[in-house]
Amino acid sequence: MKVVLFCGGYGMRMRNGAADDVPKPMAMVGPRPLIWHVMRYYAHFGHTEFILCLGYGASHIKNFFLNYEETASNDFVLRNGKPELLSTDIADWTITFVQTGIESPIGERLRRVRHYLDGDEMFLANYADVLSDVPLPDMIERFSNSDAGASMMVVPPQSSFHCVEMDEGGLVGSITAVSEMPLWENGGYFVLRQEVFDHIPENGDLVADGCAELAKRGRLLAYPYRGFWKPTDTVKERAALDNAYTHGERPWALWEHQPAASIA
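Residues numbered from 1 in each chain as written. Predicted model: local features only at pLDDT ≥ 70, side-chain atom pairs only at ≥ 80, totals over all residues. Heavy atoms only, no water.

A. Focus on the overall build of the chain. Per the secondary structure count, the chain includes eight helices and 15 strands. Projecting the C-alpha coordinates of the chain onto the three principal axes gives extents of approximately 80 × 45 × 45 Å. Taken across its 264 residues, the chain has 45% of its residues classed as buried. A sequence separation of at least 24 residues applies to 74% of the contacts in the chain between residues at least 6 apart. Here the chain has roughly 13300 Å² of accessible surface; of this, 51% comes from carbon and sulfur atoms. Each charge class in the chain was averaged separately, 23 positive and 35 negative side chains, and the resulting centres sit 4 Å apart. (Helix = DSSP H or I, 4+ residues; strand = E, 2+ residues; numbered from the N terminus. Buried < 20%, exposed > 50% of the residue type's maximum accessible area, 1.4 Å probe, protein only. Contact = heavy atoms within 4.5 Å. Areas by Shrake-Rupley, 256 points an atom, 1.4 Å probe, with all protein chains shown as cover. Lys, Arg positive; Asp, Glu negative; His and termini not counted. Charge placed at Lys NZ, Arg CZ, Asp CG, Glu CD.)

Written out as structure tokens, the structure is:
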């Protein structure tokens, strides 16, 4: 199944200043950027055809793959001055690089790569900046067995704040952590059918337009997940993931500790 990755936004909360033009998916976690970890996750389940929706800082993403060094994350033998790889990362990947505009919203980026999907009934999509160990085969199977037009992974609220309930006089009746409330938020992992394009207008958004309209029609399927899920909206969140990687705590890296054949 093809995988569409949205990697053209500004990522303002991840930038270190006006001179920093590196897009958020290129922020490093360990020796590789976020987008590599996301792609490696999908490849682990056999989905190795990627369509990258480029925009801001596209040259960084292009150059990373054009100058990719397999030896950075694979064992190899150096023989007569030349490396002989014992394993590979991206040798069997097909990556389509598409400039979808600097200011384009997510829905418009998706519209601009529609013809690269070859009319496939179903395809996958991701923001390319969130790491998770969600069981993708199960998510796909549940969607495939439904007649919904789209499936969205949803996760509990990640906020550490508390909500306060009070009366008209200002007396507090209860205090509840946001994470404990019966709420769910968009987790950024999608399984989509071509039907979603019927509900995304020009310069529209995937969630606010496409998914919202499908929801009104009773055709949006949620995949609730309470397992590992970490966004990288801020420098602090990215640093936390990088630190976890350094200490060997990387549950999203299923390829490191779970043979693909056992869960595919």
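B. Structural detail: the pattern of salt bridges. Per the counting criterion, the structure on display carries 15 salt bridges. Across the pair Glu 213 and Arg 217 runs a salt bridge, and its minimum N-O distance is 2.8 Å. On the basis of relative accessible area, Glu 213 is assigned to the partly exposed category, the value being 24%. With its nearest N and O atoms 3.6 Å apart, the salt bridge here joins Arg 238 to Asp 242. Placement of the pair is Arg 238 and Asp 242 together in helix α6 (residues 235-246), with a separation of four residues, close to one helical turn. Look at the salt bridges and you will find they share partners, linking Lys 2, Glu 49, Asp 118 and Asp 120 into a network. (Salt bridge = Lys/Arg side-chain N within 4 Å of Asp/Glu carboxyl O.)

C. Structural context of the packing of aromatic side chains. Within this structure, the stated rule accounts for 14 aromatic pairs. Where Phe 6 meets Tyr 127, the ring centres are 6.3 Å apart and the plane angle is 45 degrees; that geometry is what we call tilted. Pair noted here: Phe 6 is in strand β1 (residues 3-7) and Tyr 127 is in the loop between β8 (122-126) and β9 (130-132), with a separation of 121 residues, a long-range link. The class of Tyr 127 is partly exposed, set by a relative accessible area of 21%. Among the aromatic residues, those joined into a ring-pair cluster are Tyr 41, Tyr 42, Phe 45 and Tyr 189. Geometry around Trp 36 places Arg 32 over its ring, the cationic atom sitting 5.7 Å from the centre. Over the aromatic face of Phe 143 sits the side chain of Arg 193, whose NZ or CZ is 4.4 Å from the ring centroid. (Phe/Tyr/Trp six-rings, centres within 6.5 Å; stacked < 30°, edge-to-face > 60°. Lys NZ or Arg CZ within 6 Å of the ring centre and 35° of its normal.)

D. Fine view of helix α4 (residues 136-144). Of the positions making up α4, those classed as buried are Leu 136, Met 139, Ile 140 and Phe 143. Mapping the buried residues of α4 onto a view down its axis gives an arc of 95 degrees, with all of them on the same face. Buried residues in α4 make contact with α1 (34-44), β8, β10 (150-155), β13 (185-193) and β14 (220-224). (Arc of directions from axis to C-beta.)

E. The sheet that holds strand β4 (residues 49-54), seen in detail. Read from one edge of the open sheet, seven strands run β7-β4-β1-β8-β13-β10-β14, paired in mixed fashion. With partners counted over all chains shown, the strands left at the sheet margins are β7 (94-99) and β14, one partner each. Across the sheet, the axes of successive neighbouring strands diverge by a mean angle of 25 degrees, strand direction being ignored. Pairing of β8 with β13 involves five bridges; the strand directions are antiparallel. By the bridge assignment for β13, Ala 125 is matched with Phe 190. (Pairing = 2+ DSSP bridges. Axes fitted to C-alpha atoms, helices over the stretch in contact; angles between N-to-C directions.)

F. The side chain of Ser 132, seen in detail. For Ser 132, the position within the fold is in strand β9. A distance of 3.1 Å separates a polar atom in the side chain of Ser 132 from the backbone nitrogen of Val 134. For Ser 132, the contacting residues outside a window of four places in its chain are Tyr 41, Met 153, Tyr 189, Tyr 225, Phe 228, Trp 229 and Trp 252. (Polar contact = N/O pair within 3.5 Å; in protein donor to acceptor, adjacent residues only side chain to side chain.)

G. α6, seen in detail. For α6, which comprises twelve residues, the first-to-last C-alpha distance of 16 Å matches the rise-based estimate of 16 Å (1.5 Å per residue) to within 8%. Positive backbone phi, at 75 degrees, marks Gly 248, one or two positions downstream of α6. (Expected span 1.5 Å × (residues − 1).)

H. Region of interest: the environment of Pro 224. When you line up the elements, Pro 224 lands in strand β14. Sequence spacing of Pro 224 and Met 153 is 71 residues, and the spatial spacing of their C-alpha atoms is 5.9 Å. In contact with Pro 224, other than residues within four places in its own chain, are Arg 142, Val 154 and Trp 184.

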